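Observations on the three-dimensional arrangement
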Amino acid sequence: MQRLNNFIKKSIIGGLLVISPVVILYFAFRWAFLAVSDLINPIAEPLSRYSNAPEPIIDLFVVLLILVACFIVGNILTTRAGQWLHSRFDKSLSRLAPGYNLIRDVIQQFFGNDSNSPFKSGEVAVVRLFGADIPTAATCIVTSHHSNGWFTLFVPTGPNPTSGLIYHVPPEQVELLPHIKVDEALRTIISCGAGSGELLKRTT
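Bear in mind that the values here come from a model prediction, so they are computed numbers and not experimental data.

Examining the overall build of the protein chain
Scanning the protein chain from terminus to terminus reveals 7 helices and 5 strands. Along the protein chain, helices and strands appear, N-terminal first, in the series α-α-α-α-α-β-β-β-β-β-α-α. For the protein chain, the proportion of its 204 residues judged to be buried stands at 21%. Residue pairs in contact within the protein chain that sit at least 24 positions apart in sequence constitute 33% of those at least 6 positions apart. Surface summary for the protein chain: the accessible area is close to 14800 Å², and the carbon and sulfur share equals 67%.

Structure, rendered in structure tokens:
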């Protein structure tokens, strides 16, 4: 009887491990699709009214139109004229909307488009937050080196690595891990520490 119960429990848990990510992914895509539909509705509704095409086709057309527009704008920004226009646009919008700079910087940091983004150019390290003599440590990303040898560190929180705390610590509390990539470290943060043993056993 015990063997049967274990078999049933193991089968149910195994099924949940397979089905749950699929269900979560479905709802994530559904939420994203509905959000995009609401966003593009002012453009899609007139097109649907005049063309009598099915609504999913209109939505897909509008999304492709937006992607094409992003592609064109991105290419324009590679030119000197485009960079000049972008600079003027940034300055004007910064004066009119004080929160614009913050939103722009946050997006650039998360997407790694900024060369100063820790998600693109940061260094992985282990920091002893409570002192060099206390072995308790945290995985972190070095975001700045100071002239006095100190480091500024971003310590992400799991399972969301885009939030965390910033610390300024002396070098004796920091062990740099240049052989570990940022995305490898972030995977252990997302999994709430799972896989850290395999990752950190390669430390020097």
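A look at the packing of helix H1 (residues 2-51) against helix H2 (residues 55-76)
Packing of H1 against H2 leaves a shortest axis separation of 8 Å and a crossing angle of 110°. Viewed along their axes, H1 and H2 adopt a mutual orientation that is roughly perpendicular. Contacts between H1 and H2 involve Phe33, Val36, Ser37, Ile40, Ile43, Ala44, Leu47, Ser48 and Ser51 from the first element and Ile58, Asp59, Phe61, Val62, Val63 and Ile66 from the second. Here the contact of H1 with H2 is composed, by residue class, of 11 nonpolar, 3 polar and 1 charged.

So, the nonpolar core
Counting residues in hydrophobic clusters, the biggest one holds 10 residues: Ala125, Val127, Ala138, Cys140, Val142, Phe151, Leu153, Val155, Val169 and Val174. For this core, the secondary structure elements donating two or more residues are strand S1 (123-127), strand S2 (138-145) and strand S3 (151-156). Core analysis: the second largest hydrophobic core is formed by 9 residues, Val124, Ile141, Leu177 and Leu199 among them.

What about unusual backbone geometry?
Each neighbour pair has its own omega, and for Gly158 with Pro159 the value is 0°, a cis peptide bond. Following the sequence through the fold, Pro159 ends up in the loop between S3 and strand S4 (164-169).

A word on the side chain of Thr152
Position of Thr152 among the secondary structure elements: in strand S3. Judged by relative accessible area, Thr152 falls into the buried class, the value being 8%. Side-chain polar atoms of Thr152 contact the side chain of His146, separated by 2.5 Å. Reaching out from Thr152, the side chain makes a polar contact with the side chain of His168 at a distance of 2.9 Å.

Quick look at the side chain of Gln173
In this structure, Gln173 sits in the loop between S4 and strand S5 (174-176). The exposure class assigned to Gln173 is buried, which follows from its relative accessible area of 13%. A polar contact of 2.6 Å, which involves the side chain of Gln173, links it to the backbone oxygen of Arg128. Setting aside its immediate chain neighbours within four residues, Gln173 contacts Val126, Val127, Arg128, Leu129, Gly131 and Ala132.

Focus: a nonpolar patch on the surface
On the surface, a nonpolar cluster with roughly 510 Å² of combined accessible area is contributed by Leu4, Phe7, Ile8, Ile12 and Leu16. Turning to its location among the elements, Phe7 is positioned in helix H1.

Regarding the pairing of S1
Residues in a regular strand point their side chains to alternate faces of the sheet. When you tally the buried positions in S1, you get 4 out of 5 residues, the bulk of the element. Bridging between S1 and S2 involves 5 bridges; their strand directions are antiparallel. Bridge assignment links Val126 to a residue of S2, and that residue is Thr139. With 3 bridges connecting them, S1 and S5 associate as antiparallel partners. Note on S5: the bridge partner recorded for Val127 is Val174.

Conventions and cut-offs
- Residues numbered from 1 in each chain as written.
- Predicted model: local features only at pLDDT ≥ 70, side-chain atom pairs only at ≥ 80, totals over all residues.
- Heavy atoms only, no water.
- Helix = DSSP H or I, 4+ residues; strand = E, 2+ residues; numbered from the N terminus.
- Buried < 20%, exposed > 50% of the residue type's maximum accessible area, 1.4 Å probe, protein only.
- Contact = heavy atoms within 4.5 Å.
- Areas by Shrake-Rupley, 256 points an atom, 1.4 Å probe, with all protein chains shown as cover.
- Axes fitted to C-alpha atoms, helices over the stretch in contact; angles between N-to-C directions.
- Parallel < 35°, antiparallel > 145°, perpendicular 65-115°, else oblique.
- Nonpolar A, V, L, I, M, F, W, Y, C, P; charged D, E, K, R; others polar.
- Core = buried A, V, L, I, M, F, W, Y, C linked by side-chain atoms within 4.5 Å.
- Polar contact = N/O pair within 3.5 Å; in protein donor to acceptor, adjacent residues only side chain to side chain.
- Patch = residues over 30% accessible without salt bridge, like charges linked within 9 Å, V, L, I, M, F, W, Y side chains within 5 Å.
- Salt bridge = Lys/Arg side-chain N within 4 Å of Asp/Glu carboxyl O.
- Pairing = 2+ DSSP bridges.

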